[in-house]
Amino acid sequence: MAPRLSLFDWWARDAAKGTPVIVKMENPDFSIVEIDGPDAAFKPVEKGRLKNAKQVRWILLLKANRAVDCVAWLATILWALLGTIKRRLILREGVALASEKLGRGWHYFENPNLYIPHTSDIQGFFHLVYVAWLELRGQYIAPFVQSLSTFCVVLFMIQSLDRLILCLGCLYIKLKKIKPEVNGDPFQLDDSEGAHCNYPMVLVQIPMCNEREVYELSISAVCQLDWPKERLLIQVLDDSNDEGIQWLIKAEVSKWSQKGINIIYRHRLVRTGYKAGNLKSAMSCDYVKDYELFAIFDADFQPTPDFLKQTVPHFKDNPELGLVQARWTFVNKDENLLTRLQNINLCFHFEVEQQVNGVFLNFFGFNGTAGVWRIKALEDSGGWLERTTVEDMDIAVRAHLNGWKFIFLNDVKVLCEVPESFEAYRKQQHRWHSGPMQLFRLCLPAISIWKKANLIFLFFLLRKLILPFYSFTLFCIVLPLMMFIPEAELPMWVLCYVPALMTFLNILPAPKSIPFLAPYLLFENTMSVTKFNAMISGLFQLGSSYEWIVTKKAGRSSESDLLAAADRDMKALIQPQFSRGASENDLSDLGLLKEQKGETLKPVKKINKIYRKELVLAFLLLTAAVRSLLSATDSTSTFCFSKESVSSLLVSI
């Protein structure tokens, strides 16, 4: 029946009149989706409901309409902002001339004799308050802010000089083609009897904790290492508290064990000390004394089959060598903007910092994974300790103090993942910046100042403490305050030229990321809040410095596997494959757990989280930008503040 278009009939909600008609359709090619409100079309629906291409097309059109409205709204605001900037720039010369005539222009630092009108000339209480504020600002606040800015600028220049020296060292290494080499073939690679006797005994450890997404990838990659089976032992160190994940990992270990791989599964009943406690417990086994070297791979790392043959030979005829560290590469570096920005930082860390320190100092911070240690070096340094959340850096510092040397292999690469969500990345950065400050407090009494000055100044103070301190204080606190305290000033080379040069040097090891230079600069400025907070919590041993949260993984096995990851997980739920080595009771229990997981697995609605600290920084920078705009000051500062405030605001939501 055709709908009635009368407004009065619709308002009165009259009953439909006419003869009802029933239409029967055979094999309809459409589906019906119930819509309860204007946003119902954008809610996730059950799998199998969206079978009609026309329906999907309409939903996409609705989403596109919403996106166009949002872009138009942002364009209107931007156009109004540009108009305001244009008007203020036109009036800039007139305001400056008027200020010079009055003798009290905006830049008070140019006129030390600040003009303060007499009390008799001031009308009203607010004028008195304003004059008192000018006097307080000029005599007390401005000198303090100027001194703080000068101190931060000195730290900034020292850190920039260190970064420039590192880049020059990396350039020298590239030009001279310097890299660690192995003379000759340390192993007998023929098939004759007893040929494997020259291969050292290697222990491979895979620590993990509730790693449902990546346990299969790491175990599979490690079990395919090209090394004599009788000279290799793999330990899967599972700290999971989820019984279902424990059964899955046990089944995977049993599957490879049936294939002849020397692999064992370990699970602690008392889970203390996080990763350090897990590794310490594994090294206490009696059979470990039969092994000379051990390699560590986190649950998301996938070494190539020739990893051991590229790293272990460096230990032969080099008794002072304690660690061989490989480089990380990332399977999801192009997943989103966040992963691209992380790739910039980590590429500089490996190719510049660790390579230069490895070549010239024979020392760098152990990355906690993708490395091979000499067991004797670990034992001489006191073994794994549970006193900090950066057990990898702790053992590296103690080994360096005991005289052991490190080698970094930039050509040996191991696949892994970087966090794909801001929440996971934020927690990871908090642990990475609070742990070194904990370690600095603990190791400072044991460090000889004269013999280990590079360890104190370069490793701890300059790169772990000074960097987050000045980046937050100078660019997030002092610089916005100068918009409200014009007596203090920063030179333009500090605001633009030197930061631009340092940012360009940081991005050089990842040349494909040059188009993301501006977002990288703004994002690092925003992340300085998290890094500074982590540095303070670690330095003063606050409660959050002892927090350990496992970084969430997505389970990418290769760059071409980004779309197939979800399908693989669904197939594993629908058609589980069990190993022959498990008993029937274990298999039945595992099947029951998988069925329960499949029944209870429901899509979780994502909730946008607001980060208060980043939000406060965003409003501070935005207020400074508005103040600069309304005061007709330098347009460059206004533009920088506007971009930084928008970046902080987007990150905080």
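Residue indices begin from 1 for each chain and proceed along its sequence in written order. This being a predicted model, a pLDDT of at least 70 is required before a residue's local features are given, and a value of 80 or more before pairs of side-chain atoms are given or counted; all residues contribute to the totals for chains, interfaces and linings. Remark: hydrogens and water are excluded; side-chain values derive from all non-hydrogen atoms of the structure.

Engineer: Where do I start with the packing of helix 11 (residues 391-401) against helix 12 (residues 422-443) in this structure?
Structural biologist: Each pair of packed helices can be summarised by the angle the axes make with each other and by the distance between the axes. For helices, the fitted line uses only the C-alpha atoms of the stretch in contact; every axis is such a line through C-alpha atoms, and the angle between N-to-C directions lies from 0 to 180 degrees. Secondary structure elements are defined from DSSP: runs of H or I of at least 4 residues count as helices, runs of E of at least 2 residues count as strands, and each element is numbered from the N terminus. It is the contact of helix 11 with helix 12, at a shortest axis distance of 10 Å, that shows an interaxial angle of 35°. For the pair helix 11 and helix 12, the sense of crossing is right-handed. When helix 11 is examined against helix 12, the residues Met393, Asp394 and Val397 are found in contact with a partner set consisting of Pro436, Leu439 and Cys443. Note that Gly is not counted as nonpolar here; it falls among the polar residues with everything else outside the nonpolar set of Ala, Val, Leu, Ile, Met, Phe, Trp, Tyr, Cys and Pro and the charged set of Asp, Glu, Lys and Arg. Residues of the contact of helix 11 with helix 12, tallied by class, amount to 5 nonpolar, no polar and 1 charged. Working rule for handedness: look at the near helix, and if it is turned counterclockwise from the far one by less than a right angle, call the crossing left-handed; if clockwise, right-handed. Residues are treated as being in contact if the distance between any of their heavy atoms lies within 4.5 Å.

Engineer: Can you walk me through empty space enclosed by the protein in this structure?
Structural biologist: Over the atoms a probe the size of a water molecule is rolled, and this reveals where empty space is left. Note on definitions: the grid is 1 Å and covers protein atoms alone; a cavity is a set of points where a 1.4 Å probe fits but cannot get out; a pocket is an open set with protein on both sides within 12 Å along at least five of seven lines; lining residues have an atom within 4 Å of a point. Grid points are joined across faces, edges and corners, and a volume is the space filled by probe spheres set on the points. Taken as a whole and judged by the stated rule, the model has 2 cavities of 30 Å³ or more. Estimates place the volume of the second largest cavity at around 30 Å³. Taken together, Leu237, Asp238, Arg266, His267, Arg268, Asn278 and Ser281 make up the full set of residues lining the second largest cavity. Mapped onto the lining of the second largest cavity, the elements with two or more residues apiece are strand 2 (232-238), strand 3 (263-267) and helix 7 (274-283).

Engineer: Would you mind showing me how to read the packing of aromatic side chains here?
Structural biologist: For any pair of aromatic rings, the description consists of the separation of the ring centres together with the inter-plane angle of the planes. Two aromatic rings, drawn from Phe, Tyr or Trp (for Trp, its six-membered ring), form a pair once their centres lie within 6.5 Å of each other, and the interplanar angle then sorts them: stacked below 30 degrees, edge-to-face above 60, tilted otherwise. Applying the stated rule across the entire model yields 19 aromatic pairs. Between Phe151 and Phe469 the ring centres are 6.3 Å apart and the planes differ by 70°, which places this aromatic pair in the edge-to-face class. Placement of Phe151 in helix 4 (residues 125-176) and of Phe469 in helix 13 (residues 453-481) is noted, with a sequence separation of 318 residues between them. A residue is classified by how much of its surface remains accessible, and Phe469, at 23% relative accessible area, is partly exposed. Seen in terms of ring centroids, Phe156 and Phe475 are 5.7 Å apart; in terms of plane orientation they differ by 90°. Their pairing is edge-to-face. On the criterion of sequence distance, the pair formed by Phe156 in helix 4 and Phe475 in helix 13 is long-range, its members being 319 residues apart. Summary of the burial criterion: residues with accessible area below 20% of their type's maximum are buried, those above 50% are exposed, and those between are partly exposed, where the area comes from a 1.4 Å probe applied to protein chains only. On the basis of relative accessibility, which here comes to 3%, the residue Phe156 falls in the buried class. Among the residues examined, Phe475 registers a relative accessible area of 13% and is labelled buried.

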